[in-house]
Amino acid sequence: MADSLISKAACIADLKAITKARIPKFAFEYLAGGCNDENTLRQNRRALDQVYLQPQYLATSCPASLTTELMGRQYAAPFGVAPLGLSGLVWPRAAEYQARAAKEANIPYILSTLASTSIERAAECAGDNFWFQLYPPSDLAIRKDLMARAKAVNCQHLVVTIDVPAAGRRPKDIRNGLAVPPKISVKSIAQTMLRPAWAMATVRQGMPQFASMMPYMKDISNLREVANYIRTTLKDVVDLPMLQQLREDWSGKLIVKGVLSVADAQKALEAGADAIIVSNHGGRQLDAARPSVTALEEIVAAVGDKMVVMVDSGVESGPDIARFLAQGAQMVFAGRAFMYGVGAFGEPGAAHCIDLLRQELLQVMEQLRCPTTTQLPNYLL
Ligand SMILES: Cc1cc2nc3c(=O)[nH]c(=O)nc-3n(C[C@H](O)[C@H](O)[C@H](O)COP(=O)(O)O)c2cc1C
């Protein structure tokens, strides 16, 4: 870990504070905010805080290892980067930086359909660690083409997000003009002028785009038309028949993201999915949703021996990752935490953030005297 960065940011909360001071308010609120009253966002934190781990100080054990086997592949740690749309709004080329850092650290990297970096570019950066998240477009030709492009770059993991049947209502984004269609106001220009490093980087790179969708938007030029196009093209709801169709069309690993109930986990299994990600979308979709960590235990009990169960929503530290693993998750994803690394320090921040989480998780396991990540459930109080 670079000494210069650890002295500036010793934990994710430090990265968040630096990001807040470095990017415009509308971009920070887009990243950090939740839907409606942000109740689910707060409950994610509260629920994780209530998961306690019990050390076994006098046990004889081996040194702790973070090595993780998942769907026939070995990763260096049991956590990965969750997909974030419009990543370039937080920091230009954020997705590329994260993809490269994930490859270097050997952890999974999931690119969003709506990221500001294209499938081809992100796959080049992430190599074997590249996973692709699909919001299935209603236009079948586009859907098939997106999947073919993922296949062409040797992507083995398709993540289908099911928890956006309606656009999340986020008052901060609406107030900031980031709703669809977006509007550039005097306020947002003023916020940008207060963040010159972000403004310069954005001028160099150009306005953030939905890079993977660009080939399908040839005749569309302005921001309003782009936003409308995305809204109408990606409006299809993922139900069981759609999932079954995607299963037929995709020969690699199929992962269903956004599961919060045993019933949906069982439907995903029925559709032939290899894995699920238990998630409430980081508290951005349903403000009455329960925290992932609360739903996880019963979902693992119901389907954990038949499919891989992973999780996200609320990770802000290594202890949070340990809490999720102790509840039975096999891989834990974080969205905002990794983005705070890039928001704070650009490309070096992507690796720094992974390093912080790795060091923190290792410390927890050594403190518990737990030798492997799969044994963490034995330390749940
Ligand atoms: C700014 C932002 C954009 C997101 N965009 C997407 C997306 O395009 N596709 C998706 O499946 N999930 C998206 N998510 C949800 C994340 O993948 C993940 O579920 C969530 O961030 C996890 O919570 P955490 O940020 O507390 O770790 C987004 C989350 C944030 C914060």
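All residue numbers refer to positions counted from 1 along the written sequence of the respective chain. In view of the model being predicted, local features appear only for residues whose pLDDT reaches at least 70, and side-chain atom pairs are presented and counted only at 80 or more, with totals across whole chains, interfaces and linings using the full set of residues. Think of the side-chain values as coming from all heavy atoms in the structure, minus any hydrogens and water.

(A) Spotlight on the overall build of the protein chain. Going along the chain from the N terminus, every DSSP run of H or I of four or more residues is numbered as a helix, and every run of E of two or more is numbered as a strand. Assigned secondary structure in the protein chain consists of 18 helices and ten strands. Computed over the C-alpha atoms, the radius of gyration of the protein chain is 20 Å, within 12% of the 21 Å expected from 2.2 N^0.38 for a compact globule of 381 residues. For the protein chain, the spread of C-alpha atoms along the three principal axes comes to 65 × 50 × 40 Å. A buried classification covers 55% of the 381 residues belonging to the protein chain. Look at the contacts in the protein chain between residues 6 or more apart in sequence, and 74% of them connect residues 24 or more apart. Atoms counted for the radius of gyration: C-alpha only. Globule rule: 2.2 Å times residue count to the power 0.38. Relative accessible area decides the class of each residue, using a 1.4 Å probe on protein chains only: under 20% of the type maximum gives buried, over 50% gives exposed, and in between gives partly exposed. Contact between two residues is taken to exist if any of their heavy atoms lie within 4.5 Å; hydrogens are not considered.

(B) Focus on the nonpolar core. Here the nonpolar core consists of buried residues drawn from Ala, Val, Leu, Ile, Met, Phe, Trp, Tyr and Cys, with membership extended through side-chain atoms lying within 4.5 Å. One finds Y109, F130, F132, M213 and I276 to be the most contacted residues of the largest nonpolar core, which totals 115 residues. When residues in this core are grouped by element, the largest group, nine residues, is from helix α18 (residues 347-368). Sequence-distant contacts of F130, that is, excluding residues within four places in its chain, are made with Y109, L111, I119, A122, A123, V153, C155 and Q156. Counting 14 residues, the second-largest nonpolar core is a separate cluster that includes M71, A82, M310 and M331.

(C) A look at the site of the ligand. Throughout, the term near means that a residue has one or more heavy atoms lying within 4 Å of the molecule or strand in question. With respect to spatial proximity, 21 residues lie near the ligand, and among them P83, S112, T161, D312 and G335 are the closest. Coverage of the ligand by the protein chains reaches 96% of its 600 Å² of free accessible surface. Of the residues that constitute the shell around the ligand, the class distribution is seven nonpolar, ten polar and four charged. Exposure was quantified through the Shrake-Rupley algorithm and a 1.4 Å probe, taking into account, for residues, occlusion by the shown protein chains and nothing else. Gly is placed with the polar residues, together with every amino acid not listed as nonpolar (Ala, Val, Leu, Ile, Met, Phe, Trp, Tyr, Cys and Pro) or charged (Asp, Glu, Lys and Arg).

(D) How the structure looks around the pairing of strand β6 (residues 157-161). Burial analysis of β6 places five of its five residues in the buried class, the great majority of the element. Burial along β6 is two-sided: H157, V159 and T161 and L158 and V160, pointing in opposite directions, are all buried. Pairing between strands is defined by DSSP: at least two bridges between the two strands are required. Bridging between strand β5 (residues 130-134) and β6 involves three bridges; their strand directions are parallel. Bridge pairing in β6 links L134 to V160. Note: β6 against strand β7 (residues 253-259), five bridges, orientation parallel.

(E) Structural detail: the pattern of salt bridges. The term salt bridge refers to a pairing of a side-chain nitrogen on Lys or Arg with a carboxyl oxygen on Asp or Glu at a separation within 4 Å. Tallied over the full model, the rule gives 17 salt bridges. With a shortest N-O distance of 3.2 Å, R121 and E96 are connected by a salt bridge. You can see R121 sitting in helix α7 (residues 119-126) and its partner E96 sitting in helix α6 (residues 94-105), a full 25 residues away along the chain. By relative accessible area, which is 27% here, R121 ends up partly exposed. Relative accessible area serves as the criterion here: at 8%, E96 is assigned to the buried category. R290 serves as the salt-bridge partner of E298, at 3.1 Å between the closest nitrogen and oxygen.

(F) Inspection of helix α8 (residues 140-152) at higher detail. Given a helix with a known number of residues, its expected span is that number minus one, times 1.5 Å. If you check α8, its first and last C-alpha atoms are 18 Å apart, about what 13 residues at 1.5 Å a residue would give, namely 18 Å. Of all the positions in α8, only I142, R143, L146, M147, R149 and A150 are classed as buried. All buried residues of α8 fall inside an arc of 155° around its axis, so they share one side. Exposed and facing more than 90 degrees away from the buried side of α8 are A141 and A152. Near the N-terminus of α8, the side chain that reaches the backbone nitrogen of A141, with its oxygen 2.9 Å away, is that of D139. Backbone geometry just after α8 places N154 at a positive phi near 70°. Summarising the geometry, the arc corresponds to the directions from the helix axis toward the C-beta atoms. We call two N or O atoms a polar contact when they sit within 3.5 Å, provided that within protein one can donate a hydrogen and the other can accept it, with sequence-adjacent residues counted only if both atoms are side-chain atoms.

(G) Region of the structure containing unusual backbone geometry. Phi is positive for N36, close to 50°, though the residue is something other than glycine. Structurally, N36 is set in the loop between α3 (25-32) and α4 (39-49). One non-glycine residue, N106, lies in the positive phi region at around 55°. Within the element layout of this structure, N106 appears in the loop between α6 and β4 (109-111). In this structure N106 comes out as partly exposed when scored by relative accessible area, which is 22%.

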